[in-house]
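Reading the structure
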Amino acid sequence: MAEEHKRRKRYSGKYPKHFDEKYKELHPEQYAGIIEHRIKKGATPAGMHISIMVDECLEHLEIIPGDQGLDCTLGYGGHTRHMLEKLEGKGHIYGLDVDAIEIEKTKERLSKLGYGQDIFTAIHTNFRNIDKVAEEYGKFDFVLADLGVSSMQIDNPERGFSYKANGPLDLRLDPTKGIPASEYLKTLSKWDIEHILSENSDEPYASEIAKTIDSYQKSGMTIDTTSLLYKIIDKSLPHNSGSRRKDLINKTAARVFQAIRIEVNQEFEVLYEFMDKLPTVLKPGGRAVILTFHSGEDRIVKKSFKEMKNLGIYSDVARNVIRPTSEECHRNPRAKSTKLRWAIKSYKE
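Report on the accompanying structure. All values reported here derive from a predicted model rather than from experimental measurement. (Residues numbered from 1 in each chain as written. Predicted model: local features only at pLDDT ≥ 70, side-chain atom pairs only at ≥ 80, totals over all residues. Heavy atoms only, no water.)

Looking now at the overall build of the protein chain. In terms of regular secondary structure, the protein chain is built from 14 helices and seven strands. The 349 residues of the protein chain split such that 51% are buried. Partitioning the contacts of the protein chain with sequence separation of at least 6, the portion at a separation of at least 24 is 69%. A total of about 18,200 Å² of accessible surface is found on the protein chain, and carbon and sulfur atoms cover 49% of it. (Helix = DSSP H or I, 4+ residues; strand = E, 2+ residues; numbered from the N terminus. Buried < 20%, exposed > 50% of the residue type's maximum accessible area, 1.4 Å probe, protein only. Contact = heavy atoms within 4.5 Å. Areas by Shrake-Rupley, 256 points an atom, 1.4 Å probe, with all protein chains shown as cover.)

All chains considered together, the criterion is met by 18 salt bridges. Each of the salt bridges in this network shares a partner with another, and the network as a whole consists of Arg-128, Asp-131, Glu-273 and Lys-277. (Salt bridge = Lys/Arg side-chain N within 4 Å of Asp/Glu carboxyl O.)

By the criterion of burial, helix H2 (residues 54–61) is predominantly enclosed, with six of the eight residues buried. Turning to H2, its buried residues number three or more, namely Val-54, Glu-56, Cys-57, Leu-58, His-60 and Leu-61. Considering only its buried residues, H2 is in contact with helix H3 (78–87), strand S4 (140–146), strand S5 (282–292), helix H14 (326–331) and strand S7 (339–345). Following H2 by one or two positions, Glu-62 adopts a phi angle in the positive range, close to 50°.

Moving on, we get to the pairing of strand S3 (residues 120–124). Relative to S3, strand S2 (residues 92–97) runs parallel, the two being bridged by five bridges. Within the sheet, the bridge partner assigned to Asp-97 lies in S3 and is His-124. Each parallel crossover has a hand, and the one from S2 via helix H4 (residues 100–112) to S3 is right-handed. (Pairing = 2+ DSSP bridges. Right-handed = clockwise from strand over helix to strand, strands pointing away.)

Across soluble globular proteins, you tend to see nonpolar side chains buried next to one another. In this structure, Leu-169, Ile-223, Leu-229 and Ile-260 are the most contacted members of the largest nonpolar core, which totals 32 residues. Breaking this core down by element, the ones donating at least two residues are helix H7 (181–186), helix H8 (190–201), helix H9 (206–218), helix H10 (226–236) and helix H11 (245–264). Sorting elements by how many residues they give to this core places H11 first, with eight residues. (Core = buried A, V, L, I, M, F, W, Y, C linked by side-chain atoms within 4.5 Å.)

What follows is about the packing of H8 against H9. Packing of H8 against H9 leaves a shortest axis separation of 8 Å and a crossing angle of 140°. Judged by the angle between their axes, H8 and H9 are oblique. By crossing handedness, the relation of H8 to H9 is classed as right-handed. Here Lys-190, Ile-193, Glu-194, Leu-197 and Ser-198 of H8 lie close against H9, whose contacting residues are Ala-206, Ser-207, Ile-209, Ala-210, Lys-211, Ile-213 and Asp-214. Classifying every residue of the contact of H8 with H9 gives six nonpolar, two polar and four charged. (Axes fitted to C-alpha atoms, helices over the stretch in contact; angles between N-to-C directions. Parallel < 35°, antiparallel > 145°, perpendicular 65-115°, else oblique. Left-handed = near helix turned anticlockwise from the far one by under 90°. Nonpolar A, V, L, I, M, F, W, Y, C, P; charged D, E, K, R; others polar.)

Overall, the coordinates contain six aromatic pairs when judged by the stated rule. Arranged with centres 4.5 Å apart and planes meeting at 35°, the rings of Tyr-94 and Tyr-137 form a pair that is tilted. One end of the pair, Tyr-94, is in strand S2; the other, Tyr-137, is in helix H5 (residues 130–137), and 43 residues separate them in sequence. Since its relative accessible area comes to 8%, Tyr-94 is described here as buried. With a relative accessible area of 29%, Tyr-137 lands in the partly exposed category. Ring geometry for Tyr-163 and Tyr-230: centres 5.5 Å apart, planes at 15°, overall stacked. One end of the pair, Tyr-163, is in the loop between helix H6 (151–155) and H7; the other, Tyr-230, is in helix H10, with 67 residues separating them in the sequence. (Phe/Tyr/Trp six-rings, centres within 6.5 Å; stacked < 30°, edge-to-face > 60°.)

What follows concerns the packing of H2 against H3. At a minimum axis separation of 11 Å, H2 and H3 run at an interaxial angle of 45°. Comparing the axis directions of H2 and H3 gives the class oblique. Every pair of crossing elements has a handedness; the one defined by H2 and H3 is right-handed. Across from Val-54, Cys-57, Leu-58 and Leu-61 in H2, the residues of H3 making contact are His-79, His-82, Met-83 and Lys-86. A class-by-class count of the residues in the contact of H2 with H3 yields five nonpolar, two polar and one charged.

Okay, the pairing of S7 next. Most of S7 sits inside the fold, with six of its seven residues counted as buried. Strand direction decides the pairing type here: S5 and S7, joined by six bridges, are antiparallel. Each residue of the ladder has a partner; that of Arg-287, found in S7, is Ile-344. Relative to S7, strand S6 (residues 314–317) runs antiparallel, the two being bridged by three bridges. Counted as the bridge partner of Asp-316 is Ile-344 from S7.

Such coordinate-based values are descriptive only and should not be taken to indicate function.
Dropping the structure here:
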């Protein structure tokens with residue numbers, strides 16, 4: 001039976017401006033030339049995620065046909081696709097994702113590329129549960145964890161991850177669980193908010209922003225949209241910064257949204273738990289690669305790898321952080337803050 005034709009969403013002007021109107025970018029497989037043109041200009045097409053440091057990840061994972069691997073943060077499936085190619089039809093990869101919405105899209109996307117259940121399994125779970133996954137499916141020859149929030153989540157205003165478009169202030173990686181950021185903020189005192197902004201994103205204006213958020217909430221207002229939070233950030237910052245003020249607001253907003261997102265999803269707690277469990281799911285000689293995107297994450301990974309190397313749990317770890325090339329950063333500006341670290345499980349149990 002032929003698939004029912006759906007008329008594309010109409011929009012005003014020459015080009016679509018809103019996320020749900022960008023029919024070409026939301027269906028990249030149908031408009032490959034246009035998508036590649038966008039990428040070469042240094043833009044990430046809406047609803048799409050460009051995998052970061054793929055070559056470097058593959059280099060340190062050393063995947064061979066027959067291996068069993070784990071992608072802890074499946075996302076758009078870009079890293080997984082390249083790892084599946086390395087298996088050459090032999091072995092298996094398990095992909096975890098906490099996002100109930102995106103995991104189904106990625107599962108279908110990889111299936112259309114020929115990666116069915118015989119070689120790939122998608123599992124809807126938080127990567128803090130890797131021990132349970134290993135109990136069911138066995139230990140792994142390689143493990144990848146890309147800790148960044150995917151572009152599909154950032155670009156979709158309905159998910160509330162970005163200040164760049166108005167939408168509900170949600171910020172949950174799994175929108176089926178927990179409470180949105182708008183409700184979570186109500187449970188916090190001024191001191192709590194200041195602490196979160198300082199600890200999670202090193203925010204220099206944490207005190208001023210916390211004071212304004214607290215004032216809004218005490219007046220009975222709910223900070224329920226991304227635009228309102230952005231307005232509060234604007235109001236909190238000094239007004240004598242001249243022509244550079246817009247840049248100051250945007251950079252501050254990025255840090256504030258990041259800090260609140262980390263807290264809503266308990267990202268540091270999850271990462272600590274994951275790092276403790278990681279060596280227990282690796283086979284002797286198994287390799288792990290982790291991509292981080294801000295200093296807080298990188299400190300946790302670096303410290304864990306170093307401590308476990310000293311204990312003999314890992315036979316070797318990255319001595320220095322690995323960064324993306326300047327060419328990659330031009331092609332994908334979202335790669336600029338990426339740091340890669342790797343570790344190899346010792347053969348000694």
